[in-house]
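Read off the chains here:
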Amino acid sequence: MRKTAAARIGGWTNAPEHRKLPAMRDGMIESDVLVVGGGLVGLSLGIGLAQGGLDVVVVDREAPASQTLPAFDGRVSAIAHASRQALQALGIWRHLEAAEPILDIRVTDGTSPLFVHYDHREVGAEPFGHMVENRHLRLALQGAVNETPGLRLLAPAAVTVLERRPAAVHARLADGRTVRAALVVGAEGRNSPTREAAGIRTTTWSYGQAGIVCTVGHERPHQGVAQERFLPAGPFAILPMTGSRSSLVWTEREDLAAALLALPEAEFLAELGRRFGDYLGKLEVEGPRWSYPLSFLHAERYIDHRLALAGDAAHGIHPISGQGLNLGLRDVATLVEILVGQARLGLDLGDPLALAAYERWRRVDTFVLGAITDGLNRLFSNDIAPVRLVRDLGLGIVEQLPPLKRVFMRHARGDMGDLPGLLRGEPV
């Protein structure tokens, strides 16, 4: 017989080795950790904690099948090198249908002849990262969930009452089921009800911009090059996808973005082509177009009594660097390291000192990157001549200083600083 972490810290469950899911007792699902939100961050966290021997329940409002449909949101994610190592260590990466390596990154400012070119070979043999369609990543996560003992996904389901008592968390679901855990993690995104119920305030602002997202087919191969073009309205990113396709993240003023989305296909393609250029030959928009408002969010704290926040529930940044999901996966790796370590020592998963360690480890990283992306967007999203001159000189200087370029490239790979084991590719 093995004891789960719940048994070690609270005497709730004593389950046999072959048990596959968190146990039920008197109609209550017993678990070590309750994760509210089964998106990319929430499911990754659930898998990591369960692989570390914890009993985990993940609750999500959406039916899993609906999240993998091509029309669900159309977005792709840049998975940095360190994040890919974490997904590999968790057994998620091998379920992916397709991922396109990012070999080079080219940064330009409008029509300026100055640029920065990052070549992955200058910092190692591995790519900077990979572009992955979110629906493919969700399919991979679901494949890993089905292989992970100790993890129960309840979806579609919703938490209606959450009580954080002195020794445990009690959650009542809309369908009448109840879950008890030592800790709850809010991972439902920027509008996190778990964060709001805890009274955790946020610093937020709107950029007055929207990100237009679509997939573009082209005649010539992209050769694994990601383009970041800074235009007066905001960044215009061309990101390599599998085949002769690229994902477009086109930043515009919110009012103009709505007008562009409403254009007939031929007119939309003409507007796109004027910004995209002809270096990849003839263009074609493949599939629907989407638009998302862009804003900044940072929670005043990431923890509370028997509560931790992860992913966009704790922080949301401008997509200028493509690092939003990577920040969330760093939260995952950190929480897994701390909570699994607590359980293996027989300690309380909701211990305030353990949660404070998580917040210290993550807060500086997310705040600094959020400030950098905010500053870059403000610096480049204008056409003021003196400002344009300064930033173009900056691009030229970075291009001519290889040591400084290597620092930026290491940041793009996500492998700088004090990294949890998962981000180094170590199994839980």
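Keep in mind the model is a prediction, meaning the values are calculated, not measured.

### Topic: the overall build of the protein chain
Right, so step 1: Broken down by element type, the protein chain carries 11 helices and 22 strands.
Right, so step 2: Taken along its principal axes, the extent of the C-alpha atoms in the protein chain is 65 × 45 × 40 Å.
Right, so step 3: The 428 residues of the protein chain split such that 53% are buried.
Right, so step 4: Long-range pairs, those at least 24 residues apart, make up 74% of the contacts in the protein chain between residues at least 6 apart in sequence.
Right, so step 5: As displayed, the protein chain has an accessible area near 18000 Å², and 56% of this comes from carbon and sulfur atoms.
Right, so step 6: A gap of 4 Å separates the mean positions of the 46 positive and 48 negative side-chain charges of the protein chain.

### Describing the environment of Gly287
Right, so step 1: As for its placement among the helices and strands, Gly287 is situated in strand E19 (residues 283-299).
Right, so step 2: The spatial distance from the C-alpha of Gly287 to the C-alpha of Pro70 is 8.9 Å, given a sequence separation of 217 residues.

### Remarks on the layout of surface pockets
Right, so step 1: The calculated volume of the second largest pocket comes to roughly 230 Å³.
Right, so step 2: Lining of the second largest pocket is provided by 19 residues; of these, Pro70, Gly74, Glu133, Arg135 and Thr215 occupy positions nearest its centre.
Right, so step 3: Those elements giving two or more residues to the lining of the second largest pocket turn out to be helix H4 (134-145) and E19.
Right, so step 4: With 4 residues, the single largest contributor to the lining of the second largest pocket is E19.
Right, so step 5: Classifying every residue of the lining of the second largest pocket gives 7 nonpolar, 5 polar and 7 charged.

### Comments concerning empty space enclosed by the protein
Right, so step 1: Enumeration according to the criterion identifies 4 cavities of 30 Å³ or more in this entry.
Right, so step 2: The calculated volume of the largest cavity comes to roughly 70 Å³.
Right, so step 3: Every residue lining the largest cavity is counted, 13 residues in all, and those nearest its centre are Gly38, Leu43, Gln67, Gln142 and Leu153.
Right, so step 4: Of all the secondary-structure elements, those providing two or more residues to the lining of the largest cavity are helix H2 (40-51) and H4.

### Quick notes on the nonpolar core
Right, so step 1: Counting residues in hydrophobic clusters, the biggest one holds 72 residues, and the most contacted among them are Leu34, Leu49, Ile92, Leu137 and Val185.
Right, so step 2: Among the elements that line this core, the one with the most residues is helix H8 (residues 324-344), at 10 residues.
Right, so step 3: Those residues within four positions of Val185 in sequence are excluded, and the remaining contacts are Val33, Leu34, Val35, Val36, Leu45, Ala308, Ala310 and Leu335.
Right, so step 4: Among the nonpolar cores identified, the runner-up in size contains 18 residues, and Phe128, Ala226, Met241 and Ile320 belong to it.

How each quantity is defined
- Residues numbered from 1 in each chain as written.
- Predicted model: local features only at pLDDT ≥ 70, side-chain atom pairs only at ≥ 80, totals over all residues.
- Heavy atoms only, no water.
- Helix = DSSP H or I, 4+ residues; strand = E, 2+ residues; numbered from the N terminus.
- Buried < 20%, exposed > 50% of the residue type's maximum accessible area, 1.4 Å probe, protein only.
- Contact = heavy atoms within 4.5 Å.
- Areas by Shrake-Rupley, 256 points an atom, 1.4 Å probe, with all protein chains shown as cover.
- Lys, Arg positive; Asp, Glu negative; His and termini not counted.
- Charge placed at Lys NZ, Arg CZ, Asp CG, Glu CD.
- 1 Å grid on protein atoms, 1.4 Å probe; cavity = no way out; pocket = protein on both sides within 12 Å on 5 of 7 lines; lining within 4 Å.
- Points joined across faces, edges and corners; volume = space filled by probe spheres on them.
- Nonpolar A, V, L, I, M, F, W, Y, C, P; charged D, E, K, R; others polar.
- Core = buried A, V, L, I, M, F, W, Y, C linked by side-chain atoms within 4.5 Å.

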